Amino acid sequence: KQWYQRRVAVGKRACLWLQDLLIDLKQLQSTQTELKFRGVKGTTGTQASFLELFNGDHGKVEELDKLVTEKAGFSAKFTITGQTYTRKMDSIIINAVAGIGSTINKFCTDLRLLASLKEIEEPFAQKQIGSSAMPYKRNPMQSERCCSLARHLMGLTASPAHTHANQWFERTLDDSANRRIVIAEAFLTADILLNTAQNIMQGMVVYPKVIEKHILEELPFMATENLLMSMVKSGADRQECHEKLRVLSVEAGKQVKEFGKSNDMLERIRGDDYFTPIHKLLSDIVNPSNFIGRAPHPAVMATLR
């Protein structure tokens, strides 16, 4: 988008969103792989009662621990525990889940900004009401809801960290009362975020003509670096050329911002004899395809496969 002085294709913007989701997926998979079972450790983690039950046979205690761990569906168990497994694990899990929140918040914020420019819209039903007060409005309600829920999800990461930090020596009710809410809310919130985001992505509407209009309006400013390079290649002094482009840009910007006129930067360049060496090249220099770089290159897209 022109905000970054370079035209970024809609497809690449979507790929940026998807790339973040893939990072979240890998983080969740990694966290799941690292999950460990508390195992059969007894009341305070010493396995004393089991050792007594098996008449001091440590091998049988370890075998029971292993069998119960496998029965519970885990491939690994904690070697050392207290009355509970370390609540550090809960914090790691919730942080991994909360990553989904930041990703979807970013996606929906981008969409809301683009929707305000009328370049992209989320799915909008035929008889859907965008605003009870203003009939014309088509607010991105699903994206707004996602941003709200994503903030809640990201905010939940503090609770398990505090639970771990303030567990004292062993578990108390301030441990269990908190985590029964936080863990459930984190997963339920992530679930509704993913479902809503999927619905938005599958029904997203793009308006190429509006995007083209905005690009053409900003193109003369976006092209100043290319204009500068072309002038230098023709023998112009870089610093002098930079100053002339700066002055023309300010003047053209004034016409747009103060008088509501169209961007006349290119007309100003054509009317300035200093830029005669590139007058015949202007159409090629400001061709929009010159400002997307390697965005559509198969090698870039292949990184998401």
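Residues numbered from 1 in each chain as written. Predicted model: local features only at pLDDT ≥ 70, side-chain atom pairs only at ≥ 80, totals over all residues. Heavy atoms only, no water.

Observations concerning the overall build of the protein chain
Next, step 1: The helix and strand inventory of the protein chain stands at 13 helices and two strands.
Next, step 2: Residue pairs in contact within the protein chain that sit at least 24 positions apart in sequence constitute 71% of those at least 6 positions apart.
Next, step 3: Surface accessibility of the protein chain: about 18,700 Å² in total, with carbon and sulfur atoms responsible for 57%. (Helix = DSSP H or I, 4+ residues; strand = E, 2+ residues; numbered from the N terminus. Contact = heavy atoms within 4.5 Å. Areas by Shrake-Rupley, 256 points an atom, 1.4 Å probe, with all protein chains shown as cover.)

Regarding the environment of Asp20
Next, step 1: Summarising the element assignment, Asp20 is placed in helix H1 (residues 10-34).
Next, step 2: Considering only alpha carbons, one finds Asp20 and Ile104, 84 residues apart in sequence, at a separation of 8.9 Å.

Some words on the nonpolar core
Next, step 1: Judged by nonpolar contacts, the single largest core of 25 residues is most densely connected at Ile104, Phe107, Cys108 and Leu153.
Next, step 2: Every element with two or more residues in this core is listed here: helix H4 (88-116), helix H5 (141-155) and helix H7 (173-203).
Next, step 3: Broken down by element, the residue count for this core peaks at eleven residues, all from H4.
Next, step 4: The residues touching Ile104, leaving out its near neighbours within four places in the chain, are Cys146, Leu193, Leu194 and Ala197.
Next, step 5: Formed by 23 residues, the second largest nonpolar core is a distinct cluster that contains Met222, Met231, Tyr274 and Phe291. (Core = buried A, V, L, I, M, F, W, Y, C linked by side-chain atoms within 4.5 Å. Buried < 20%, exposed > 50% of the residue type's maximum accessible area, 1.4 Å probe, protein only.)

A word on the side chain of Glu119
Next, step 1: In this structure, Glu119 sits in the loop between H4 and strand E1 (120-121).
Next, step 2: There is a polar contact of 2.7 Å between the side chain of Glu119 and the side chain of His214. (Polar contact = N/O pair within 3.5 Å; in protein donor to acceptor, adjacent residues only side chain to side chain.)

Overview of the packing of aromatic side chains
Next, step 1: Applying the stated criterion to the full structure yields four aromatic pairs.
Next, step 2: Considering the side-chain rings of Phe37 and Phe74, the 5.1 Å spacing of their centres and the 25° angle between planes classify their relative orientation as stacked. Here the residue Phe37 occupies a position in the loop between H1 and helix H2 (48-53), and Phe74 occupies one in the loop between helix H3 (58-71) and H4, the gap between them amounting to 37 residues.
Next, step 3: Here Arg87 stacks its cationic end above the ring of Tyr85, 4.6 Å away from the centre of that ring.
Next, step 4: Taking NZ or CZ as reference, Lys244 lies 5.0 Å from the ring centre of Tyr274, over its face. (Phe/Tyr/Trp six-rings, centres within 6.5 Å; stacked < 30°, edge-to-face > 60°. Lys NZ or Arg CZ within 6 Å of the ring centre and 35° of its normal.)

Focus: the pattern of salt bridges
Next, step 1: Following the criterion strictly, the structure yields twelve salt bridges and no others.
Next, step 2: Measuring nitrogen to oxygen at the nearest pair gives 3.0 Å for the salt bridge that ties Lys41 to Asp65. On the criterion of sequence distance, the pair formed by Lys41 in the loop between H1 and H2 and Asp65 in helix H3 is long-range, its members being 24 residues apart. Side by side, Lys41 and Asp65 carry an identical accessibility label, which is buried. (Salt bridge = Lys/Arg side-chain N within 4 Å of Asp/Glu carboxyl O.)

Quick look at the state of the cysteines
Next, step 1: Enumeration according to the criterion identifies zero disulfides in this entry.
Next, step 2: For Cys108, which is in no disulfide, the shortest distance to another cysteine sulfur is to Cys146 and amounts to 4.0 Å.
Next, step 3: The exposure class of Cys108 is buried, given its relative accessible area of 0%. (Disulfide = S-S within 2.5 Å.)

Brief notes about the packing of helix H6 (residues 158-165) against H7
Next, step 1: Interhelical geometry of H6 versus H7 gives an angle of 160° and a closest axis separation of 10 Å. Relative to H7, H6 is oriented roughly antiparallel. Between H6 and H7 lies a crossing of left-handed hand. On the side of H6, the interface is formed by Ser159, Pro160 and Thr163, while H7 contributes Asp175, Asn178 and Val182.
Next, step 2: The residue inventory of the contact of H6 with H7, partitioned by class, reads two nonpolar, three polar and one charged. (Axes fitted to C-alpha atoms, helices over the stretch in contact; angles between N-to-C directions. Parallel < 35°, antiparallel > 145°, perpendicular 65-115°, else oblique. Left-handed = near helix turned anticlockwise from the far one by under 90°. Nonpolar A, V, L, I, M, F, W, Y, C, P; charged D, E, K, R; others polar.)

Description of the confidence of the model for the protein chain
Next, step 1: Here the protein chain averages 88 in pLDDT, while 90% of its residues score no lower than 70.
Next, step 2: In the model, residues 1-6 has pLDDT below 50 throughout and makes 18 contacts with residues more than four positions away in sequence or in other chains. (pLDDT = per-residue confidence, 0-100.)

Comments concerning H7
Next, step 1: Taking 1.5 Å per residue as the helical rise, H7 with its 31 residues ought to reach 45 Å, and the 46 Å between its terminal C-alpha atoms agrees with that figure.
Next, step 2: Along H7, the largest kink reaches about 30° and is centred on Arg179.
Next, step 3: Taken as a whole, H7 has its buried residues at Asp175, Ser176, Val182, Ala186, Thr189, Ala190, Leu193, Thr196, Ala197 and Ile200.
Next, step 4: Elements in contact with the buried residues of H7: H4, H5 and H6. (Expected span 1.5 Å × (residues − 1). Bend = angle between axes of the 7 residues up to and from the residue.)

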